[in-house]
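# Fold and contact review
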Amino acid sequence: MGALKHIVLPLCTIAHLFAIGVFTFGGKEYMADLLEWPRNTVKLTPIERHLLGAGFTFHVVLTMNNIAAIMVENSHYRAMATFLELVLYSLDLADAMYENTFLGEGGKLFTLVPLAIMTGVTVLGLLVHSQEPGLLTKDKNVGKKTK
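Here we summarise the structure given alongside this text. (Residues numbered from 1 in each chain as written. Predicted model: local features only at pLDDT ≥ 70, side-chain atom pairs only at ≥ 80, totals over all residues. Heavy atoms only, no water.)

Moving on, we come to a nonpolar patch on the surface. A contiguous nonpolar surface patch, about 380 Å² in accessible area, is contributed by M80, F83, V87 and L91. By the secondary structure assignment, L91 is in helix α3 (residues 75–99). Under the relative-accessibility criterion, L91 is labelled exposed at 57%. (Patch = residues over 30% accessible without salt bridge, like charges linked within 9 Å, V, L, I, M, F, W, Y side chains within 5 Å. Areas by Shrake-Rupley, 256 points an atom, 1.4 Å probe, with all protein chains shown as cover. Salt bridge = Lys/Arg side-chain N within 4 Å of Asp/Glu carboxyl O. Helix = DSSP H or I, 4+ residues; strand = E, 2+ residues; numbered from the N terminus. Buried < 20%, exposed > 50% of the residue type's maximum accessible area, 1.4 Å probe, protein only.)

Listed below in structure tokens is the structure:
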């Protein structure tokens, strides 16, 4: 059992599918409200709509990449897919921490907590993966003759 194949990538895929579902059934305005975007108007501006559309695209692309990484028997591909997830979550977390100065004024942690959890999950998964085979998997080449 590999950490990336059976735990980390499926969790990331579930998170992306949740976001895709929110976009699909709730729309961009609902997603902006869910993320607690501070807005001056009720309606989204064209740039806000575009940025949310790009966010939707990221979720679709990373979901497809994660499913491929889970299905293909290649641990290096899984590590790269997980690294992409780490880049997404950690940079989004850094940006959220930088931009969410309203937290000091009693703001909510809805955006920060899931990003911090997913960043931690991907880091932990990559650390476990770096020690394989041995922690959760066995070496498939043991006992095989080499030419």
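If you add up the space inside the largest pocket, you get close to 1,200 Å³. Contributing to the lining of the largest pocket are 30 residues, with L35, W37, D92, T111 and L115 lying nearest its centre. Counting residues per element, the ones that place at least two in the lining of the largest pocket are α1 (3–34), α2 (46–71), α3 and α4 (112–130). (1 Å grid on protein atoms, 1.4 Å probe; cavity = no way out; pocket = protein on both sides within 12 Å on 5 of 7 lines; lining within 4 Å. Points joined across faces, edges and corners; volume = space filled by probe spheres on them.)

Glancing now at the nonpolar core. Grouped together as the largest cluster of nonpolar side chains are 12 residues: L4, V8, C12, A79, L86, Y89, L93, A96, L112, L115, M118 and L126. Of all the elements in the fold, those that place two or more residues in this core are α1, α3 and α4. In contact with L93, other than residues within four places in its own chain, are L112, L115, A116 and T119. Membership of the second largest hydrophobic core comes to 7 residues, among which are A19, F23, L44 and L52. (Core = buried A, V, L, I, M, F, W, Y, C linked by side-chain atoms within 4.5 Å. Contact = heavy atoms within 4.5 Å.)

Take the packing of aromatic side chains next. Under the definition given, this model contains 1 aromatic pair. Each ring, one from F23 and one from F56, has its centre 5.4 Å from the other, and the planes form 75°; the classification is edge-to-face. Pair noted here: F23 is in helix α1 and F56 is in helix α2, with a separation of 33 residues, a long-range link. Taking the relative accessible area as the measure of exposure, F56 reaches 29% and is therefore partly exposed. (Phe/Tyr/Trp six-rings, centres within 6.5 Å; stacked < 30°, edge-to-face > 60°.)

Viewed as axis vectors pointing N to C, α1 and α4 meet at an angle of 160°, and their least axial separation amounts to 10 Å. Taken together, the axes of α1 and α4 are roughly antiparallel relative to one another. Like other packed secondary-structure pairs, α1 and α4 cross with a definite hand, here left-handed. Counted together, A3, L4, V8, L11, C12 and A15 of α1 and M118, V121, T122, G125, L126, V128 and H129 of α4 form the full contact between these two elements. Counted by class, the contact of α1 with α4 contains 10 nonpolar, 3 polar and no charged residues. (Axes fitted to C-alpha atoms, helices over the stretch in contact; angles between N-to-C directions. Parallel < 35°, antiparallel > 145°, perpendicular 65-115°, else oblique. Left-handed = near helix turned anticlockwise from the far one by under 90°. Nonpolar A, V, L, I, M, F, W, Y, C, P; charged D, E, K, R; others polar.)

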